[in-house]
Amino acid sequence: MNQSEISISAFEALRGRLFGLAYRMLGSRADAEDIVQEAYDRWHQASHGSIDNPEAWLVTTTSRLAIDRLRRLKTEREAYVGPWLPEPIVTQAPPPDHDLDLAADLSIAFLTLLERLAPDERAAFLLHDVFEVGYAEIAPVLDRSEAACRQVVHRARERVRGDRRRFDVTESAKASLLQKFMQALETRDEPALIALFAPDATWTADGGGKAAAAPMPIVGADRIARLVLGLREKFWAADRVLEFATINGETGLCIRDGAQLMAAMTIATDGERILAVYAVVNPDKLQ
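The structure contained in this document is the topic of the report that follows. (Residues numbered from 1 in each chain as written. Predicted model: local features only at pLDDT ≥ 70, side-chain atom pairs only at ≥ 80, totals over all residues. Heavy atoms only, no water.)

A tally of regular secondary structure across the protein gives 11 helices and seven strands. The C-alpha atoms of the protein give 21 Å as radius of gyration, which agrees with the globular expectation for 287 residues (19 Å, within 12%). Within the protein, the proportion of its 287 residues that are buried is 48%. Across the protein, contacts joining residues at least 24 apart in sequence account for 65% of those joining residues at least 6 apart. Counting 34 positive and 43 negative side-chain charges, the protein places the averaged centre of each group 5 Å from the other. (Helix = DSSP H or I, 4+ residues; strand = E, 2+ residues; numbered from the N terminus. Rg over C-alpha atoms; globule rule 2.2 N^0.38 Å. Buried < 20%, exposed > 50% of the residue type's maximum accessible area, 1.4 Å probe, protein only. Contact = heavy atoms within 4.5 Å. Lys, Arg positive; Asp, Glu negative; His and termini not counted. Charge placed at Lys NZ, Arg CZ, Asp CG, Glu CD.)

So this is what it looks like as structure tokens:
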């Protein structure tokens, strides 16, 4: 194997990890793929004799590229029509991290919380708490001291974990709630729908101005029940199918018109009731 083949092999062994990092940073498959490709181009042009640790070099390069891209996206996302949600990764099985070579936080709810962080904070938090990168390796990514990086991660962790309701909920419990949701929707049973949601549950839909979606999150079980029943009456078609899918590694629902994906929906739950719904209906995010 020549040096070029060794270089390509080393990169391909880390491609899933790099994509997972870039996707979690940006919430977009296309942007993540662009970042990974740019990291590959730089890797291909680098002098490998001076690189002691290829993984550290590639993670650092990918992180810096993602930070720069996220800064450029800030204005665009501030002008976005309605709530912005990450682009979902929808599969039938297995969960996407089997492909990404990762097994950490990937849910839509978690990625949405990360939007509250500045690009540097987001990178530091993900590298340390999700990818288990040490502060010594994070320091050159942010061009800060190790002590400063510790503070950045601490602040980011407080902002994210403080707003995150964590419950030890099995995928079968989620599937059971979603099955009841589908049954109540099919029978147009408003009381049953209301009973499925916590009183202060939220429904956040991302239409991006290109699909019907509430411009602000809907709050309250009764309001959510009326919303989904109204959407069913207004938009349901004979050839549409509501079915289970794996969305960002967790059990969710998707709506399809034949092969066309029309919506992807995930939930946050305590195992007994639905606490939050995240629905992506923007067709640009469902390619």
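Counting 48 residues, the largest nonpolar core has M25, F110, L114, L126, I138 and L142 as the members making the most contacts within it. Considering every element that reaches this core, the biggest residue donor is helix α1 (residues 3-26), with nine residues. Among all residues touching L126, those that are not within four sequence positions of it are L21, R24, M25, F110, L114 and F131. Ranked by size, the runner-up nonpolar core spans 26 residues in total, among them A198, W203, A221 and L229. (Core = buried A, V, L, I, M, F, W, Y, C linked by side-chain atoms within 4.5 Å.)

Proximity of charged atoms lets side chains of opposite charge pair with each other. Here the structure, examined in full by the defined rule, presents 23 salt bridges. A salt bridge links E78 to K74; its shortest N-O distance comes to 2.5 Å. In this pair, E78 and K74 both sit in helix α3 (residues 54-78), four residues apart, roughly one turn of the helix. Overall, E78 belongs to the exposed group, its relative accessible area being 57%. Here D284 ties to K210 by a salt bridge, and the two come within 2.3 Å at their closest N and O atoms. Taken together, the positions of D284 in the segment after β7 (274-280) and K210 in the loop between β2 (197-206) and β3 (218-219) put the pair 74 residues apart, joining distant regions of the chain. (Salt bridge = Lys/Arg side-chain N within 4 Å of Asp/Glu carboxyl O.)

Looking now at the packing of aromatic side chains. With the rule as written, the count across this model stands at five aromatic pairs. Ring centres 4.9 Å apart and planes at 70° place the aromatic pair F11 and Y40 in the edge-to-face group. Placement of F11 in helix α1 and of Y40 in helix α2 (residues 29-45) is noted, with a sequence separation of 29 residues between them. The pair formed by F11 and Y40 is uniform in burial state, with each residue classed as buried. Each ring, one from F110 and one from F125, has its centre 6.2 Å from the other, and the planes form 45°; the classification is tilted. Of this pair, F110 sits in helix α5 (residues 108-114) while F125 sits in helix α6 (residues 119-130), placing them 15 residues apart in sequence. Of the residues examined, F110 reaches a relative accessible area of 0% and is grouped as buried. (Phe/Tyr/Trp six-rings, centres within 6.5 Å; stacked < 30°, edge-to-face > 60°.)

Phi is positive for E132, which is not a glycine, with a value near 55°. Counting through the fold element by element, E132 comes out in the loop between α6 and α7 (135-142). Residue E132 is classed as exposed on the basis of its relative accessible area of 70%.

A few words on helix α11 (residues 221-235). Over its 15 residues, α11 runs 21 Å from end to end, which matches the ideal 21 Å to within 8%, given 1.5 Å per residue. Restricting attention to buried positions, one finds in α11 the residues A221, I224, A225, V228, L229 and R232. All buried residues of α11 fall inside an arc of 125° around its axis, so they share one side. More than 90 degrees from the buried face of α11, the exposed residues found are E233 and K234. Turning to α11, the residues buried within the fold contact α9 (171-187), α10 (190-196), β2 and β3. (Expected span 1.5 Å × (residues − 1). Arc of directions from axis to C-beta.)

We now examine the sheet that holds β3. Ordered by their spatial adjacency, seven strands build an open sheet running β1-β4-β5-β6-β7-β2-β3, and the pairing between neighbours is mixed. Only two strands of the sheet have a single partner each, and these edge strands are β1 (90-91) and β3. Taken together, the six bridges between strand β6 (residues 260-269) and β7 define a ladder with antiparallel strand orientation. Counted as the bridge partner of T266 is Y278 from β7. Sitting on the sheet, α11 is in contact with β2, β3 and β4 (240-247), with an inclination near 45° to β2. (Pairing = 2+ DSSP bridges. Axes fitted to C-alpha atoms, helices over the stretch in contact; angles between N-to-C directions.)

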